[in-house]
Amino acid sequence: EAGVAQSPRYKIIEKRQSVAFWCNPISGHATLYWYQQILGQGPKLLIQFQNNGVVDDSQLPKDRFSAERLKGVDSTLKIQPAKLEDSAVYLCASSLSPTAEAFFGQGTRLTVV
Amino acid sequence: LAKTTQPISMDSYEGQEVNITCSHNNIATNDYITWYQQFPSQGPRFIIQGYKTKVTNEVASLFIPADRKSSTLSLPRVSLSDTAVYYCLVGDEQAGTALIFGKGTTLSVSS
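Figured I'd write up the structure that's included with this text.

## What to know about the pattern of salt bridges
Residues and elements named next belong to chain A.
Phase 1 of the analysis: Evaluated as defined, the whole model comprises two salt bridges over all chains.
Phase 2 of the analysis: Here Arg64 makes a salt bridge to Asp86, at a shortest N to O gap of 2.5 Å. Here Asp86 lies in the loop between strand S8 (75-79) and strand S9 (88-95) and Arg64 lies in the loop between strand S6 (53-56) and strand S7 (65-68), a separation of 22 residues in the sequence. Judged on exposure class, the residue Arg64 and its partner Asp86 are both buried.

What follows is the structure, given as C-alpha coordinates:
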(Lines give C-alpha, C1' and ligand atoms only; values in the text may rest on other atoms or scores of the structure.)
Protein backbone atom coordinates (compact mmCIF):
# COMPACT_ATOMS: atom_id res chain seq x y z
CA GLU A 1 0.00 0.00 0.00
CA ALA A 2 1.39 3.38 -0.97
CA GLY A 3 1.93 5.81 1.86
CA VAL A 4 1.24 9.52 2.14
CA ALA A 5 3.21 11.37 -0.50
CA GLN A 6 4.46 14.90 0.01
CA SER A 7 6.43 17.22 -2.21
CA PRO A 8 8.79 18.89 -2.28
CA ARG A 9 11.01 17.36 0.42
CA TYR A 10 13.00 20.51 0.90
CA LYS A 11 12.40 24.16 0.05
CA ILE A 12 14.43 27.29 0.67
CA ILE A 13 12.81 30.67 0.03
CA GLU A 14 13.38 34.27 0.96
CA LYS A 15 11.04 36.02 3.36
CA ARG A 16 7.99 37.58 1.72
CA GLN A 17 8.06 34.98 -1.06
CA SER A 18 5.29 32.43 -1.60
CA VAL A 19 5.51 28.66 -1.32
CA ALA A 20 3.16 25.74 -1.83
CA PHE A 21 3.26 22.19 -0.53
CA TRP A 22 1.44 19.24 -1.99
CA CYS A 23 0.06 16.12 -0.30
CA ASN A 24 -1.41 12.96 -1.75
CA PRO A 25 -3.07 10.92 1.01
CA ILE A 26 -3.57 7.18 1.14
CA SER A 27 -6.39 6.14 -1.18
CA GLY A 28 -9.74 6.06 0.56
CA HIS A 29 -8.68 8.13 3.56
CA ALA A 30 -11.35 10.71 4.27
CA THR A 31 -9.44 12.62 6.94
CA LEU A 32 -6.42 14.72 6.03
CA TYR A 33 -4.24 16.81 8.33
CA TRP A 34 -1.56 19.45 7.87
CA TYR A 35 0.90 20.04 10.69
CA GLN A 36 3.72 22.46 11.32
CA GLN A 37 6.62 21.11 13.37
CA ILE A 38 9.27 23.51 14.57
CA LEU A 39 12.53 21.94 15.66
CA GLY A 40 12.29 20.56 19.18
CA GLN A 41 8.51 20.87 19.40
CA GLY A 42 5.58 18.55 18.82
CA PRO A 43 3.58 18.81 15.59
CA LYS A 44 1.07 21.66 15.64
CA LEU A 45 -2.20 21.03 13.83
CA LEU A 46 -2.82 23.68 11.18
CA ILE A 47 -5.88 22.30 9.48
CA GLN A 48 -7.96 19.13 9.38
CA PHE A 49 -10.17 18.12 6.47
CA GLN A 50 -12.93 15.56 6.43
CA ASN A 51 -13.31 14.74 2.73
CA ASN A 52 -13.18 18.24 1.21
CA GLY A 53 -14.68 20.05 4.19
CA VAL A 54 -12.70 21.79 6.93
CA VAL A 55 -13.14 20.33 10.43
CA ASP A 56 -10.64 22.47 12.30
CA ASP A 57 -8.49 25.36 11.13
CA SER A 58 -8.38 27.25 14.41
CA GLN A 59 -4.57 27.38 14.47
CA LEU A 60 -4.07 28.24 10.81
CA PRO A 61 -2.69 31.79 10.41
CA LYS A 62 -5.26 32.74 7.85
CA ASP A 63 -3.67 36.04 6.94
CA ARG A 64 -0.83 34.16 5.26
CA PHE A 65 -1.66 30.44 5.18
CA SER A 66 -4.29 28.77 3.04
CA ALA A 67 -5.14 25.16 2.32
CA GLU A 68 -7.51 23.35 0.06
CA ARG A 69 -8.48 19.80 -0.64
CA LEU A 70 -10.02 19.59 -4.05
CA LYS A 71 -12.37 16.67 -4.69
CA GLY A 72 -11.57 15.30 -1.24
CA VAL A 73 -8.28 13.75 -2.32
CA ASP A 74 -5.05 15.74 -2.84
CA SER A 75 -4.36 18.81 -0.78
CA THR A 76 -2.16 21.87 -1.05
CA LEU A 77 -0.93 24.19 1.68
CA LYS A 78 0.23 27.66 0.69
CA ILE A 79 2.11 30.35 2.54
CA GLN A 80 2.01 33.88 1.16
CA PRO A 81 4.04 35.82 2.16
CA ALA A 82 6.48 33.71 4.16
CA LYS A 83 8.11 34.92 7.37
CA LEU A 84 11.30 33.75 9.03
CA GLU A 85 9.29 32.06 11.78
CA ASP A 86 7.60 29.83 9.20
CA SER A 87 10.81 27.78 8.95
CA ALA A 88 9.69 24.31 10.00
CA VAL A 89 8.77 20.86 8.75
CA TYR A 90 5.29 20.68 7.28
CA LEU A 91 3.72 17.27 7.73
CA CYS A 92 0.70 15.85 6.01
CA ALA A 93 -1.20 12.89 7.45
CA SER A 94 -4.28 10.94 6.50
CA SER A 95 -6.61 8.46 8.16
CA LEU A 96 -9.86 6.63 7.48
CA SER A 97 -11.56 8.68 10.22
CA PRO A 98 -10.56 11.24 12.89
CA THR A 99 -9.97 8.57 15.54
CA ALA A 100 -8.39 5.94 13.29
CA GLU A 101 -4.67 5.38 12.93
CA ALA A 102 -3.08 8.26 11.03
CA PHE A 103 -0.30 7.81 8.53
CA PHE A 104 2.22 10.58 8.06
CA GLY A 105 4.24 11.62 5.07
CA GLN A 106 7.96 12.36 5.18
CA GLY A 107 7.28 16.06 5.44
CA THR A 108 8.56 19.16 3.67
CA ARG A 109 11.39 21.01 5.35
CA LEU A 110 10.95 24.74 4.72
CA THR A 111 13.73 27.20 5.37
CA VAL A 112 12.90 30.90 5.11
CA VAL A 113 15.94 33.15 4.84
CA LEU B 1 -10.23 19.17 24.46
CA ALA B 2 -8.45 17.02 27.05
CA LYS B 3 -4.95 18.25 27.85
CA THR B 4 -2.18 15.71 28.31
CA THR B 5 0.90 15.89 30.52
CA GLN B 6 3.93 13.67 30.04
CA PRO B 7 7.51 13.67 31.35
CA ILE B 8 9.76 15.67 29.06
CA SER B 9 12.46 13.01 28.97
CA MET B 10 13.37 9.53 30.15
CA ASP B 11 16.54 7.48 30.03
CA SER B 12 16.85 3.71 29.86
CA TYR B 13 19.23 0.91 28.98
CA GLU B 14 18.86 -1.78 26.40
CA GLY B 15 16.81 -4.75 27.56
CA GLN B 16 14.87 -2.85 30.19
CA GLU B 17 11.13 -2.29 30.28
CA VAL B 18 10.13 1.34 29.92
CA ASN B 19 6.88 2.80 31.20
CA ILE B 20 5.82 6.28 30.11
CA THR B 21 2.85 7.71 31.96
CA CYS B 22 0.52 10.34 30.57
CA SER B 23 -1.93 12.37 32.62
CA HIS B 24 -5.26 13.43 31.08
CA ASN B 25 -7.46 14.52 33.97
CA ASN B 26 -10.32 15.98 31.92
CA ILE B 27 -10.72 13.14 29.46
CA ALA B 28 -14.25 12.92 28.09
CA THR B 29 -16.42 9.81 28.15
CA ASN B 30 -16.04 9.03 24.44
CA ASP B 31 -12.36 9.95 24.09
CA TYR B 32 -9.77 7.42 23.05
CA ILE B 33 -6.11 7.43 24.10
CA THR B 34 -3.52 7.06 21.37
CA TRP B 35 0.27 6.94 21.41
CA TYR B 36 2.58 7.89 18.55
CA GLN B 37 6.34 7.52 18.12
CA GLN B 38 8.53 9.91 16.17
CA PHE B 39 12.11 9.42 15.01
CA PRO B 40 14.24 12.37 13.89
CA SER B 41 13.47 13.55 10.36
CA GLN B 42 10.37 11.35 10.13
CA GLY B 43 6.67 11.85 10.66
CA PRO B 44 5.02 10.34 13.74
CA ARG B 45 4.03 6.69 13.62
CA PHE B 46 1.04 5.10 15.35
CA ILE B 47 1.94 2.74 18.20
CA ILE B 48 -1.23 1.81 20.06
CA GLN B 49 -4.72 3.00 20.93
CA GLY B 50 -7.10 2.14 23.75
CA TYR B 51 -10.23 3.17 25.59
CA LYS B 52 -9.97 1.35 28.92
CA THR B 53 -8.16 -1.45 30.79
CA LYS B 54 -5.31 -2.96 28.80
CA VAL B 55 -4.41 -3.19 25.15
CA THR B 56 -1.42 -5.10 23.79
CA ASN B 57 0.06 -5.40 20.34
CA GLU B 58 3.35 -6.63 18.95
CA VAL B 59 5.11 -3.40 19.86
CA ALA B 60 3.74 -2.18 23.18
CA SER B 61 1.10 -2.39 25.88
CA LEU B 62 -1.22 0.36 27.02
CA PHE B 63 -2.58 0.37 30.56
CA ILE B 64 -5.58 2.55 31.39
CA PRO B 65 -6.99 2.62 34.94
CA ALA B 66 -10.71 2.62 35.61
CA ASP B 67 -10.93 6.40 36.08
CA ARG B 68 -9.10 6.91 32.73
CA LYS B 69 -7.37 10.03 34.07
CA SER B 70 -4.00 8.62 33.12
CA SER B 71 -2.48 5.98 30.88
CA THR B 72 0.85 4.17 30.73
CA LEU B 73 2.66 3.10 27.60
CA SER B 74 4.85 0.08 28.30
CA LEU B 75 7.71 -0.85 25.97
CA PRO B 76 9.14 -4.28 26.77
CA ARG B 77 12.88 -4.84 26.49
CA VAL B 78 13.82 -1.63 24.69
CA SER B 79 16.67 -1.45 22.21
CA LEU B 80 18.74 1.44 20.89
CA SER B 81 16.29 1.79 18.01
CA ASP B 82 13.51 2.71 20.44
CA THR B 83 15.20 6.06 21.06
CA ALA B 84 12.53 8.50 19.90
CA VAL B 85 9.89 10.97 21.03
CA TYR B 86 6.66 9.43 22.29
CA TYR B 87 3.40 11.38 22.19
CA CYS B 88 0.23 10.71 24.13
CA LEU B 89 -2.95 11.99 22.45
CA VAL B 90 -6.52 12.07 23.63
CA GLY B 91 -9.12 12.12 20.89
CA ASP B 92 -11.98 14.58 20.95
CA GLU B 93 -14.86 12.53 19.63
CA GLN B 94 -17.39 15.36 19.75
CA ALA B 95 -15.27 17.75 17.71
CA GLY B 96 -13.91 15.01 15.47
CA THR B 97 -10.42 16.30 16.18
CA ALA B 98 -8.22 13.61 17.61
CA LEU B 99 -4.66 14.31 16.52
CA ILE B 100 -3.57 17.12 18.82
CA PHE B 101 0.06 16.61 19.82
CA GLY B 102 1.67 17.86 23.01
CA LYS B 103 5.37 18.15 23.72
CA GLY B 104 5.97 14.43 24.01
CA THR B 105 8.53 12.40 25.96
CA THR B 106 12.02 11.99 24.60
CA LEU B 107 13.21 8.48 25.39
CA SER B 108 16.93 7.86 25.20
CA VAL B 109 18.11 4.25 25.25
CA SER B 110 21.77 3.52 25.93
CA SER B 111 23.81 0.35 25.65
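Structure shown, so let's carry the discussion forward.
## A word on unusual backbone geometry
Phase 1 of the analysis: A cis geometry characterises the amide bond from Ser7 of chain A onward to Pro8 of chain A, with omega recorded as -10°.
Phase 2 of the analysis: Relative to the helices and strands, Pro8 of chain A is located in the loop between strand S1 (5-7) and strand S2 (10-13).
Phase 3 of the analysis: The omega torsion of the bond from Gln80 of chain A to Pro81 of chain A falls at -5°, within 30 degrees of zero and hence cis.
Phase 4 of the analysis: The residue Pro81 of chain A is located in the loop between S8 and S9 in this model.
Phase 5 of the analysis: The backbone phi angle of Arg68 of chain B is positive, close to 60°, even though this residue is not glycine.
Phase 6 of the analysis: Tracing the backbone through its elements, the reader meets Arg68 of chain B in the loop between strand S6 (61-64) and strand S7 (70-75).

## Section: the nonpolar core
Phase 1 of the analysis: One finds Phe21, Trp34, Leu77, Ile79, Tyr90 and Leu110 of chain A to be the most contacted residues of the largest nonpolar core, which totals 21 residues.
Phase 2 of the analysis: Going through the elements one at a time, strand S3 (19-24), strand S4 (31-37), strand S5 (44-50), S8, S9 and strand S11 (108-112) of chain A are the ones with two or more residues in this core.

## A word on the sheet that holds S1 of chain A
Residues and elements named next belong to chain A.
Phase 1 of the analysis: Pairing in this open sheet of four strands is antiparallel, and the strands run S1-S3-S8-S7 from one edge to the other. Of all strands in the sheet, those bounded by a partner on one side alone are S1 and S7. With strand direction ignored, the average angle separating the axes of adjacent strands in the sheet is 15°.
Phase 2 of the analysis: In this structure, S7 lies alongside S8, joined through four bridges in antiparallel fashion. Within S8, the residue paired with Phe65 across the bridge is Ile79.

## Concerning the interface of chain A and chain B
Phase 1 of the analysis: Taken together, the 20 residues of chain A in the interface contact 18 residues of chain B.
Phase 2 of the analysis: Counting the surface lost from both chain A and chain B, the interface buries some 1500 Å², and carbon and sulfur atoms represent 53% of this.
Phase 3 of the analysis: On the chain A side of the contact with chain B, Pro43, Thr99 and Phe104 of chain A bury the most area, a combined 33% of that side's loss.
Phase 4 of the analysis: Where chain A meets chain B, there are zero salt bridges.
Phase 5 of the analysis: The interface formed by chain A and chain B includes five residue pairs in polar contact (both at pLDDT 80 or more).
Phase 6 of the analysis: When contributions to the side of chain A that touches chain B are tallied by element, the ones reaching two or more residues are S4, S5 and S6 of chain A.
Phase 7 of the analysis: The biggest single contributor to the side of chain A that touches chain B is S4 of chain A, with three residues.
Phase 8 of the analysis: Taken together, the residues of the side of chain A that touches chain B break down into ten nonpolar, seven polar and three charged.

## Structural notes on the packing of aromatic side chains
Phase 1 of the analysis: Inspection of every chain in the model, using the stated rule, returns eleven aromatic pairs over all chains.
Phase 2 of the analysis: Geometrically, the ring pair formed by Phe65 of chain A and Tyr90 of chain A is tilted, given 6.4 Å between the ring centres and 40° between the ring planes. With Phe65 of chain A in strand S7 and Tyr90 of chain A in strand S9, this pair connects stretches of sequence that are 25 residues apart.
Phase 3 of the analysis: When the ring of Phe104 of chain A is compared with that of Tyr36 of chain B, the centres are 6.2 Å apart and the planes differ by 80°; the resulting orientation is edge-to-face. Remark: Tyr36 of chain B occurs in strand S3 (residues 33-38) and Phe104 of chain A occurs in strand S10 (residues 103-104); the pair is interchain, linking two chains. Like Tyr36 of chain B, Phe104 of chain A is buried.
Phase 4 of the analysis: By the ring-pair criterion, three or more aromatic residues cluster together here, those being Tyr33, Tyr35 and Phe104 of chain A together with Tyr36, Phe46, Tyr87 and Phe101 of chain B.

About the cut-offs
- Per-chain numbering applies: the sequence of each chain, read as written, is numbered from 1 onward.
- Both sets of labels track the order of writing: A upward for chains, 1 upward for ligands.
- Side-chain atom pairs in this predicted model are given and counted only at pLDDT of 80 or more, local residue features only at pLDDT of at least 70, and totals for whole chains, interfaces and linings cover all residues.
- Where side-chain values are given, they derive from all heavy atoms of the structure, hydrogens and water being excluded.
- Salt bridges are identified by distance alone: a Lys or Arg side-chain nitrogen within 4 Å of an Asp or Glu carboxyl oxygen.
- The way it works is that DSSP assigns letters per residue, a run of H or I at least four long becomes a helix, a run of E at least two long becomes a strand, and they are numbered from the N terminus.
- Exposure categories follow from relative accessible area, calculated using a 1.4 Å probe and restricted to protein chains: below 20% of the type maximum is buried, above 50% is exposed, and the middle band is partly exposed.
- Residues grouped as a nonpolar core are buried Ala, Val, Leu, Ile, Met, Phe, Trp, Tyr and Cys residues, joined through side-chain atoms within 4.5 Å.
- Criterion used throughout: strands pair if DSSP finds at least two bridges between them.
- The angle between two axes is taken between their N-to-C directions and runs from 0 to 180 degrees, where each axis is a line fitted to C-alpha atoms and a helix contributes only its stretch in contact.
- In this description, contact between two residues means that some pair of their heavy atoms is separated by no more than 4.5 Å.
- The term buried area denotes the loss of accessible surface (1.4 Å probe radius) that occurs when two parts are joined, taken as the sum for both partners.
- Two N or O atoms form a polar contact when they lie within 3.5 Å of each other; inside protein one atom must be a possible hydrogen donor and the other a possible acceptor, and for residues adjacent in sequence the pair counts only when both atoms belong to side chains.
- Each residue receives one of three labels: charged for Asp, Glu, Lys and Arg, nonpolar for Ala, Val, Leu, Ile, Met, Phe, Trp, Tyr, Cys and Pro, and polar for the others, Gly being one of them.
- Between rings of Phe, Tyr and Trp, where Trp is taken as its six-membered ring, a pair exists when centres lie within 6.5 Å; planes separated by under 30 degrees are stacked, by over 60 edge-to-face, and by other angles tilted.

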